[in-house]
Amino acid sequence: MTIAALETHGPVLAQQKGEASCEAAPSVASHLLHTDSNDPSSLKRRLLWGLLGLICLGTCPELGLVAAGHDPRLVEFGRASWLGTLSLPFSAALTLTPPLPGLLILLSMQDEASDLSSVMHALSRAFYRTGLLALGLTPVLALYALTGAPPEAMTVFSSLGYFFSGGMALALLLRELFFGLSRQRKRSGVLLLGWGGFVSLWGLYLYLKLGQFV
Amino acid sequence: MFDLFNVICSQPLATARRCRTESDLIPLIKASLLLLIVGTSSFGLVLGGARDLSQALATAVKLPLVWIVTLALCAPAFYAIAAVFGQPWRLRALLALTLTATARASLVLFAMLPVLWLFSDVFQSSSRFYHQLTLLASLIYATSGLAALGVLLRGFDRKLATAPLLGLFAVVFFLVAGQTAWSLRPFVGRPSQAEVPWFRNPEGTFFEAIGRDLDSARGRYVHESQREEW
């Protein structure tokens, strides 16, 4: 099964499997991740939710610290606005997008056909997963910020939250891509793992680099 | 209503299935909320009552609040984790599941009340009563958590892939419940204090508190002045 075939059938199969074992009506998140996975409106919604989640993770803990009386500089200089707000979505988007052409080129050298739009949808799902997890973790981090956690600890917690969300999304993206490969499974698997390792390092570098400016 | 209490208490599989199918959820949620409030308030009355009446009332109000705030803050994270792991749970279904699980835990707290009561009455004169009482309360809470886990486990398919999902649920719940409880303390009140406030000022995270408690248990005490310097 090629990557394109996986994008078309994989989520549907997963959904059917889920329905067989669980009678609950599927959630919106499940709908966006599985059904209509290649629909352009789903793509837009996934990107918007991803953006929203990462913006929340980037700002809410800081605002919580301000509300708790820490770091009044945030209010004075308005640092919590522009750069701080967009640093995490930028970081996440830049982490996945520039290394992608390299992966496609290397996969095509391994004779693994891949449809660009399917890969874009897979990427949007990864971005959505990152944002969704970030959005889920935001209330937890805001609780810590509001109830006495020092700013240094909050920086660590926020970073852990971001890397956890991104790491999970990357792992699931790699899994999705891996099970879409039909030929030269071992070699392509190693290639994907290597790509995942590089993306992790690249993501860490970007996070630290963008953090310097914020 | 009593039928529902019975279902929540003795039929975790049926409860989980009912949440999963989202069938007739409102009565189940009402019964769960009632159980949660009664169970934890009673536990709070006895726990705080080890000191005096005002502390008993304060703890009776604060303990249900800990559960409710924890559930409210955990729900988005649970939803996100479940969705990422491919579980098609809707938010209301997940909320109902966690609420019924917590109600079952509250029933265990209610069942263990006499143990806590007896202990607080018999050992009140002990010099280490405060530490022993908080330890016993923590143990009872941990036991009740196992009862809640019984419902959560049955809500998902029993396979290896759901293990990380439940592990993450447990971690998030632990992080939120710990910090919420830490923020709403005191629940018993230190014996050295003549008057116990309703709420203490924020003092960092509960991770730091665990570290300090471990030091105290080993006989290494840190005074307020030293803490300020650090």
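Residues numbered from 1 in each chain as written. Chains lettered and ligands numbered in written order. Predicted model: local features only at pLDDT ≥ 70, side-chain atom pairs only at ≥ 80, totals over all residues.

**Concerning the overall build of chain B**
- The number of helices and strands found in chain B is 10 helices and zero strands.
- Secondary structure elements of chain B, listed N to C terminal, follow the sequence α-α-α-α-α-α-α-α-α-α.
- Relative to the globule expectation of 17 Å for 230 residues, the C-alpha radius of gyration of chain B, 19 Å, shows essentially globular dimensions.
- For the C-alpha atoms alone, the extent of chain B along its principal axes is close to 55 × 40 × 25 Å.
- Burial analysis of chain B (230 residues in total) assigns 41% to the buried set. (Helix = DSSP H or I, 4+ residues; strand = E, 2+ residues; numbered from the N terminus. Rg over C-alpha atoms; globule rule 2.2 N^0.38 Å. Buried ≥ 20, exposed ≤ 12 C-beta atoms within 10 Å, placed from the backbone.)

**Points about the interface of chain A and chain B**
- Of the residues lining the interface, 30 residues belong to chain A; the matching set on chain B comes to 28 residues.
- With 10 residues, helix α7 (residues 116-146) of chain A is the largest single contributor of residues to the side of chain A that touches chain B.
- Residue composition of the side of chain A that touches chain B, by class: 21 nonpolar, seven polar and two charged. (Contact = placed C-beta atoms within 7 Å. Nonpolar A, V, L, I, M, F, W, Y, C, P; charged D, E, K, R; others polar.)

**What about the environment of A82(B)?**
Residue and element names in this part refer to chain B.
- Following the sequence through the fold, A82 ends up in helix α4 (residues 53-84).
- Residue A82 is classed as buried on the basis of its 27 C-beta neighbours within 10 Å.
- Here the alpha-carbon distance between A82 and F156, two residues 74 residues apart in the chain, equals 9.9 Å.
- Leaving out residues up to four positions away in the same chain, A82 has contacts with Q87, W89, L94 and L165.

**What to know about the nonpolar core**
- Counting 98 residues, the largest nonpolar core has L132(A), V140(A), F78(B), A80(B), L97(B), V172(B) and V176(B) as its most contacted members.
- Among the elements that make up this core, the one with the highest residue count is α7(A) (16 residues).
- The residues touching V176(B), leaving out its near neighbours within four places in the chain, are V140(A), L143(A), T70(B), L73(B) and C74(B). (Core = buried A, V, L, I, M, F, W, Y, C linked by C-beta atoms within 7 Å.)

**Some words on the environment of P64(B)**
Residues and elements named next belong to chain B.
- Here P64 shows up in helix α4.
- C-beta crowding within 10 Å serves as the criterion here: with 19 such atoms nearby, P64 is assigned to the partly exposed category.
- The residues touching P64, leaving out its near neighbours within four places in the chain, are L36, I37, T40 and S41.

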